[in-house]
Each structure stands twice: as C-alpha cells, then as structure tokens.
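Take a look at the letters that make up each chain.
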Amino acid sequence: MRFLIVRTDIRAVADGDIAAAWADGHRLRDETTTPEPRRQIVHAEDRDAALLLARALATVGAVRAGKQRVKVLPLSEPRPAFRNRPGRTGP
C-alpha cells in the first residue's frame, strides 16, 4: 500500500471558537472542506518507509514548536485497468 506524508501549517483558533464548537458538538476543523495549507508532500511505498519519513519531517523546527504537523495518510491500491469491466474475462 502506498502512503502520503504531508507537513502542514496548523491554523490558529480563537478560544471563543473552541468553546462554541464544544458546546454545539461540531468539529472545529474539517479537513474535507478547508484543509490546512500544505508545506511539503512526500510519497512512500510501504508503512515502514512512511513512518521513517514522518519521523524525519517531525524534526523540523516548526513541527517541534507546534506550528506545523506531520500527517501519514494511506492511499488505496490502484486497481488494474482491465478488472471489473463488463464483458471482460480472465485475470
């Protein structure tokens, strides 16, 4: 399985927004609608390589200071083009 390693900026949040999100029971940050700004993107072919790269990115000063974060995201395996096509038989 392939992995995507992303280093992003952390968006600042006001204390009032945190309290409102907690009271209303909704998410403070929604990555699907407003993702954090990306600083660096790296691909890895397996989990061990992804974690090694993530550890290396975590040594960046801004990550250690809490201004950026490192995320490891699994990517789905690409399907061969000939599979799941109507009328096609064989491997």
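We now turn to the structure provided with this report. Keep in mind that what you see is a predicted model, and the values were worked out from it rather than measured. (Residues numbered from 1 in each chain as written. Predicted model: local features only at pLDDT ≥ 70, side-chain atom pairs only at ≥ 80, totals over all residues. Heavy atoms only, no water.)

With respect to topology, three strands assemble into an open sheet ordered β2-β1-β3, the strand pairing being antiparallel. Two strands in the sheet have a free side with no partner beyond their single neighbour: β2 (38-44) and β3 (68-75). Averaged over all adjacent pairs, the angle separating strand axes in this sheet is 20°, with direction ignored. Alignment of strand β1 (residues 2-9) against β3, held across eight bridges, turns out to be antiparallel. Following the sheet pairing, Asp-9 is matched in β3 by Gln-68. (Pairing = 2+ DSSP bridges. Helix = DSSP H or I, 4+ residues; strand = E, 2+ residues; numbered from the N terminus. Axes fitted to C-alpha atoms, helices over the stretch in contact; angles between N-to-C directions.)

Moving on, we come to the nonpolar core. Core analysis: the biggest nonpolar cluster contains six residues, these being Phe-3, Ile-5, Ala-44, Ala-50, Ala-54 and Leu-57. At the level of secondary structure, the elements contributing two or more residues to this core comprise β1 and α2 (47-57). It is α2 that provides the largest number of residues to this core, a total of three residues. Look past the residues within four positions of Ala-44 in its chain and what remains in contact with it is Met-1, Arg-2, Phe-3, Ile-5, Ala-49, Ala-50 and Leu-53. (Core = buried A, V, L, I, M, F, W, Y, C linked by side-chain atoms within 4.5 Å. Buried < 20%, exposed > 50% of the residue type's maximum accessible area, 1.4 Å probe, protein only. Contact = heavy atoms within 4.5 Å.)

Function cannot be inferred from these measures alone, as they are strictly geometric.
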